[in-house]
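Residues per chain, in single letters:
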Amino acid sequence: AVVSSLCSGFWFFFFGVFDPELKKGNDCVDLCTKHHMTKAVEELYPEEDVDIIYDWELQPSTRLPKVNMSTAGHAAGLAFFNRPEEVETPTWDKDRKMFGCSISPKYSGWFGYRAVLVFKNIQDEEIQYLPPHDAVGTQELKTKLIESFNGDWKDPAWRDIIYTDKRYSAEQLDYFNTLPADRAPKIRALMDKFNEDEESKKDL
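None of the values given here were measured: they were computed from a predicted structure. (Residues numbered from 1 in each chain as written. Predicted model: local features only at pLDDT ≥ 70, side-chain atom pairs only at ≥ 80, totals over all residues. Heavy atoms only, no water.)

**Q** Is there a simple way to explain the pattern of salt bridges in this structure?
**A** Oppositely charged side chains can pair when the atoms bearing their charge come close. Evaluated as defined, the whole model comprises eight salt bridges. A salt bridge links aspartate 49 to lysine 120; the nearest nitrogen and oxygen atoms lie 3.6 Å apart. Of this pair, aspartate 49 sits in the loop between helix H2 (28-44) and strand E2 (50-54) while lysine 120 sits in the loop between strand E5 (111-119) and helix H4 (139-149), placing them 71 residues apart in sequence. Since its relative accessible area comes to 48%, lysine 120 is described here as partly exposed. Of the charged contacts in the structure, one is a salt bridge between lysine 142 and glutamate 86, with a shortest N-O distance of 3.0 Å. Of this pair, lysine 142 sits in helix H4 while glutamate 86 sits in the loop between strand E3 (80-82) and strand E4 (101-103), placing them 56 residues apart in sequence. (Salt bridge = Lys/Arg side-chain N within 4 Å of Asp/Glu carboxyl O. Helix = DSSP H or I, 4+ residues; strand = E, 2+ residues; numbered from the N terminus. Buried < 20%, exposed > 50% of the residue type's maximum accessible area, 1.4 Å probe, protein only.)

Right, dumping it as structure tokens:
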């Protein structure tokens, strides 16, 4: 099973988890993902033998990811992984290293893969494979997507390659555009503001 996070779950993500004394360098999203995933698996699947592999985990010998999340999401039918090799007439230099990206038909690029759950004692020979929908479709859009994704990493234009109303807020985008080592003070300030707004609503 592949787990992804959406824009609507951003604030809930940190409730009851965020520690104001988090040491600089610890990524808040990683810490909160691990907290919620561990708790959910314990509560929902107490009798199952489940391995949780997170998107940040690396193989100790090669330093490569334990799981290619984009490939896993594609195989699970969540989002189509658009590869540079699919562009028939690339506009970039053939020697330039280009990376692919996943686009969901519902959320476009406004989501993130967080983990893969491996149920080690379950085997279903009748499970049906549901291929992901290629929402980008045309060569023109695929070229634009790959070019944009491999450009400025802070520019969210690639996320809007197809229309969706499920976008990150300005605060969320600012958070994800901040280097992980600098995120703890930012999320602390955002959570303080969010809590203040919630208290203000109670007084109305």
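Let us keep going from here.
**Q** Got a minute to help me understand the packing of aromatic side chains in this structure?
**A** What characterises a pair of aromatic rings is the spacing of the ring centres plus the angle enclosed by the ring planes. The final tally for this structure, using the stated rule, is seven aromatic pairs. Relative to tyrosine 168, the ring of tryptophan 110 lies with its centre 5.1 Å away and its plane at 80°, an arrangement referred to as edge-to-face. Of the two residues, tryptophan 110 sits in the loop between E4 and E5 while tyrosine 168 sits in the loop between H4 and helix H5 (170-176), which places them 58 residues apart along the sequence. In this structure tryptophan 110 comes out as buried when scored by relative accessible area, which is 0%. A residue is classified by how much of its surface remains accessible, and tyrosine 168, at 9% relative accessible area, is buried. A ring pair is formed by tyrosine 175 and phenylalanine 176, whose centres lie 5.3 Å apart and whose planes are at 80°; its orientation type is edge-to-face. Neither residue differs from the other here; tyrosine 175 and phenylalanine 176 are each classed as buried. Across from the ring centre of tryptophan 110, 5.5 Å away, lies the NZ or CZ of arginine 159, which sits over that ring. (Phe/Tyr/Trp six-rings, centres within 6.5 Å; stacked < 30°, edge-to-face > 60°. Lys NZ or Arg CZ within 6 Å of the ring centre and 35° of its normal.)

**Q** What am I meant to see in the layout of surface pockets here?
**A** To locate leftover empty space, one rolls a probe as large as a water molecule over the atoms. There is about 1400 Å³ of room inside the largest pocket. Forming the boundary of the largest pocket are 39 residues, of which Asp55, Ser70, Phe149, Trp158 and Arg159 lie nearest the centre. Breaking the lining of the largest pocket down by element, the ones donating at least two residues are H2, helix H3 (69-75), E4, E5 and H5. Considering every element that reaches the lining of the largest pocket, the biggest residue donor is E5, with four residues. A class-by-class count of the residues in the lining of the largest pocket yields 21 nonpolar, seven polar and eleven charged. (1 Å grid on protein atoms, 1.4 Å probe; cavity = no way out; pocket = protein on both sides within 12 Å on 5 of 7 lines; lining within 4 Å. Points joined across faces, edges and corners; volume = space filled by probe spheres on them. Nonpolar A, V, L, I, M, F, W, Y, C, P; charged D, E, K, R; others polar.)

**Q** Sorry, what's going on with H2 here?
**A** With 17 residues, H2 should cover 24 Å at 1.5 Å per step; its first-to-last C-alpha distance of 24 Å lies within 8% of that length. Within the span of H2, buried status applies to Cys28, Val29, Cys32, Thr33, His36, Met37 and Val41. Down the axis of H2, the buried side of the element spans an arc of 165°, and every buried residue falls inside it. (Expected span 1.5 Å × (residues − 1). Arc of directions from axis to C-beta.)

**Q** Mind showing me how you'd approach the sheet that holds E5 here?
**A** Remark on secondary structure: sheet strands pair via backbone hydrogen bonds, oriented parallel or antiparallel. An order of E1-E5-E2 is seen for the three strands of this open sheet, with the pairing classed as antiparallel. Each edge of the sheet is formed by a strand with only one pairing partner; in this case those strands are strand E1 (2-6) and E2. Geometrically, the sheet is characterised by an average inter-axis angle of 25° between neighbouring strands, direction not taken into account. Examined bridge by bridge, E1 and E5 share five bridges and lie antiparallel to one another. Paired with leucine 6 across the strands is phenylalanine 111, a residue of E5. (Pairing = 2+ DSSP bridges. Axes fitted to C-alpha atoms, helices over the stretch in contact; angles between N-to-C directions.)

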